[in-house]
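These are the residues of each chain, in order.
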Amino acid sequence: MRRTSASLVAGALVAALAWASSPSSPAVALDPSAGVADLTQDINQILADSRLTVGRAGVVVKSAAKGDELYATDAGKVMMPASNTKLFTSAAAADTLGLDYRFPTTVLGGGRKLGSVLTGDLVLRGTGDPTMLAEDYDALAAKVAAAGIKVVAGKLVADDTWFDSVRLGNDWTWDDETAYYAAQISALTASPDRDYDAGSVIVSVAASGSEVKVSTTPETDYLKIVNKATVGTTTDVLIERQHSTNTVVITGTVADPYQEWVAVDDPTRYVASLFRKALAKHGVRVAGPTVTGAAPSGAATLAEHQSMPLSELLVPFLKLSNNIHAEILTKAMGRKVSGQGTWAAGLKVSTDFAKANGVQVLNMRDGSGLSRRDGFTPTSIAQLLSAVRAKPWFKTWYDALPIAGNADRFTGGTLRSRMRNTAAANNVHAKTGSLTGVTALSGYVNSAEGEPLVFSIMLNQFLSSSPKDIEDKIAIRLAQFSRTAPVDAVSQLRSTGETATADLECSWLKPAEC
């Protein structure tokens, strides 16, 4: 007899609640004052968009200072949050791990050192640092050489046991398996650049005479490149890793340089290949093969690299909506709290944190929001946004959220091209979220009178072009809100400021759009 797991039941419940919901009706003013009534009328008008006729819209707006609800429509309905899930993960990580938390990556030696020979194994042990670059592994190899070791008689052991061996998240779709934003999660991983997309390699192509030249960042032979591309008058090229392999097939035509971020299969072995190559560069020869496993007891530390603190990691994590950071932090929380670097343990930490702070959590299946079975309500997100304002780490976390209309990539983040030249610019601090048929925007904005507001906008099941501009219009209207007087705002919402129109947020659209 087949058993139905609790998670499947929960996922089915989320879907049933979302699809069974009756169409939204316009909200009525929750406060009789002219300003709130005017706000209600304007948001209702914004939401009366034909793209939402067959879609779902859940919106809630609250005063962060007074706690009263200023607007709500379907605020208690379960919806897919996409990357708004990262609000829960990042807040739980800040609270559980602390802003000073760092990921150590360590090289250990087994056996004894006899002259320039290490008689045992050389171990590379990771704890999930998503910011490790090839140059950092090179620096560790240089330290091994500086310790006087020229020959390792044993094996090179890649120790990724800080986390479990489950590499891909719950419910992630099959066709995302090779995508950098759905890269495999390992305690030993590497990023190609300082966006820190851990577990991926940048594959670049360029026309060189009559040939297409291929290069990788970092330089690695871990990927097998099958180059079928030809030089053409336009660039129309596909760079794609074949599923469950490290074979990258390149087809199409190349006129101008182009690059693609590609997730590797088995980040642990990829890192081991980088480290072994770095050891050889620094004159350290490992006699034995590369294997995976735990460091032997009593192994001595030869070198160590510490990551940036979490306070700094929050910036690329939240500004660029990095999925891999979310999942690594989830497993890191599980490891710290229960000694288990698993999704189940880490998600329990996130949900326990939310519940302890008065937040209703319905279904959290991963840390990033890639799962289409994640289910939250606008109210639960607003509850979280309100609760964390009292935390000692709040300002660091708040500053790490994307900021509307700020062109600096590591300030504006995924909102840098949205709401420019409006009252929301450099005012709205909010988390974006995007999946096919899903968009969300939740965060903070100060009204025209300086009153801090929290809001959550969740739009699901739309079938036409992305309604992100609806989120922008609501956020701009909130920035114009006054309790004391109506605002002639709706006619101004089609401003000259840029709004997002793409179906996916900036972090999914590397390289040109970010």
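Residues numbered from 1 in each chain as written. Predicted model: local features only at pLDDT ≥ 70, side-chain atom pairs only at ≥ 80, totals over all residues. Heavy atoms only, no water.

Q: For this particular structure, what's the right way to read the overall build of the chain?
A: Regarding its fold elements, the chain presents 12 helices and 21 strands. Scored against the burial criterion, the 514 residues of the chain give a buried share of 58%. A separation of at least 24 residues holds for 69% of the contacts in the chain among residues at least 6 apart in sequence. With an accessible surface of roughly 19900 Å², the chain has 52% of that area assigned to carbon and sulfur atoms. (Helix = DSSP H or I, 4+ residues; strand = E, 2+ residues; numbered from the N terminus. Buried < 20%, exposed > 50% of the residue type's maximum accessible area, 1.4 Å probe, protein only. Contact = heavy atoms within 4.5 Å. Areas by Shrake-Rupley, 256 points an atom, 1.4 Å probe, with all protein chains shown as cover.)

Q: Teacher, can you tell me more about the sheet that holds strand β6 (residues 122-125) here?
A: In sheet architecture, strand pairing relies on hydrogen bonds along the backbone and comes in two forms, parallel and antiparallel. Taken together, the five strands give an open sheet; going across it, the order is β17-β8-β6-β3-β18, and neighbouring strands pair in mixed fashion. A strand with exactly one partner marks an edge of an open sheet, and here the two such strands are β17 (290-292) and β18 (300-306). Within the sheet, the average angular offset between the axes of one strand and its neighbour, ignoring direction, is 20°. Note: strand β8 (residues 156-159) against β17, three bridges, orientation parallel. Within β17, the residue paired with A158 across the bridge is T292. In this fold helix α4 (residues 134-146) packs onto β3 (104-109), β6 and β18, with an angle of close to 150° to the strand it touches most, β18. Across the sheet, helix α5 (residues 267-281) is in contact with β3, β6, β8 and β17; its angle to β8 comes to roughly 140°. (Pairing = 2+ DSSP bridges. Axes fitted to C-alpha atoms, helices over the stretch in contact; angles between N-to-C directions.)

Q: Whenever I open this one, the side chain of D374 confuses me. Can you help?
A: You can see D374 is positioned in the loop between α8 (343-356) and α9 (378-387). Within the structure, D374 has its side chain in polar contact with the backbone nitrogen of R365 (distance 2.6 Å). (Polar contact = N/O pair within 3.5 Å; in protein donor to acceptor, adjacent residues only side chain to side chain.)

Q: Where do I start with the packing of helix α3 (residues 85-96) against α8 in this structure?
A: Geometrically, a packed helix pair is captured by the angle between its two axes and the distance between the axes. At their nearest, the axes of α3 and α8 sit 9 Å apart, and the two run at 85° to each other. When the interaxial angle is binned, α3 and α8 end up roughly perpendicular. Contacts from F88, T89, A91, A92, D95 and T96 in α3 reach V349, S350, F353 and A354 in α8. When its residues are assigned to classes, the contact of α3 with α8 shows six nonpolar, three polar and one charged. (Parallel < 35°, antiparallel > 145°, perpendicular 65-115°, else oblique. Nonpolar A, V, L, I, M, F, W, Y, C, P; charged D, E, K, R; others polar.)

Q: Help me out: how do you make sense of the packing of helix α2 (residues 34-47) against helix α12 (residues 468-479) in this one?
A: Relative orientation of the contacting elements α2 and α12 amounts to 170°, with a least axis distance of 10 Å. Of the possible angle classes, the one that applies to α2 and α12 is roughly antiparallel. Contacts from D38, L39, D42, I43, I46 and L47 in α2 reach I470, K473, I474, R477 and L478 in α12. Considered class by class, the residues forming the contact of α2 with α12 number seven nonpolar, no polar and four charged.

Q: What exactly am I supposed to notice about the packing of aromatic side chains here?
A: Working definition: an aromatic ring pair is given by the centre-to-centre distance plus the angle between the planes. Taken as a whole and judged by the stated rule, the model has 12 aromatic pairs. A ring pair is formed by F353 and W393, whose centres lie 6.5 Å apart and whose planes are at 45°; its orientation type is tilted. Pair noted here: F353 is in helix α8 and W393 is in the loop between α9 and α10 (394-400), with a separation of 40 residues, a long-range link. Assigned by exposure class, F353 and W393 land together as buried. Between the aromatic rings of F394 and Y444, the centroid separation amounts to 5.5 Å while the plane-to-plane angle is 75°, which identifies the pairing as edge-to-face. Of this pair, F394 sits in helix α10 while Y444 sits in strand β20 (residues 438-446), and the two are 50 residues apart along the sequence. (Phe/Tyr/Trp six-rings, centres within 6.5 Å; stacked < 30°, edge-to-face > 60°.)

Q: Before we go on, may I ask you to explain the environment of D175 in this structure?
A: When you line up the elements, D175 lands in the loop between β8 and β9 (200-208). Sequence-wise, D175 and H243 are 68 residues apart; in three dimensions their C-alpha atoms are separated by 8.6 Å. Engagement of the side chain of D175 in a polar contact is seen with the side chain of T173, the distance being 2.9 Å.

Q: Explain the nonpolar core here, please?
A: Inside soluble globular proteins, nonpolar side chains tend to come together where they are buried. Ranked by internal contacts, the top residues of the largest apolar core, which has 63 residues, are F88, V388, W397 and Y444. The residues touching W397, leaving out its near neighbours within four places in the chain, are L87, S90, A91, L314, L318, L385, V388 and Y444. Counting residues in hydrophobic clusters, the runner-up holds 39 residues, among them L140, I149, V152 and V212. (Core = buried A, V, L, I, M, F, W, Y, C linked by side-chain atoms within 4.5 Å.)

Q: It is not clear to me how the pattern of salt bridges should be interpreted in this structure. Could you clarify?
A: Think of it this way: side chains of opposite charge can pair up when their charged atoms draw near. On inspection of all chains with the given rule, the structure shows 25 salt bridges. Across the salt bridge formed by E135 and R194, the nearest N and O atoms sit 2.9 Å from each other. Linking E135 in helix α4 with R194 in the loop between β8 and β9, this pair joins segments that are 59 residues apart in sequence. Using a relative accessible area of 46% as the deciding quantity, one classes E135 as partly exposed. (Salt bridge = Lys/Arg side-chain N within 4 Å of Asp/Glu carboxyl O.)

Q: Would you take a moment to explain the environment of A190 for this structure?
A: Topologically, A190 is positioned in the loop between β8 and β9. It is 7.4 Å that separates the C-alpha atoms of A190 and P267, two residues lying 77 residues apart in sequence. Aside from chain neighbours lying at most four places away, what touches A190 is M132, Y137, D197, A198, G199, S200, Y270, V271 and L274.

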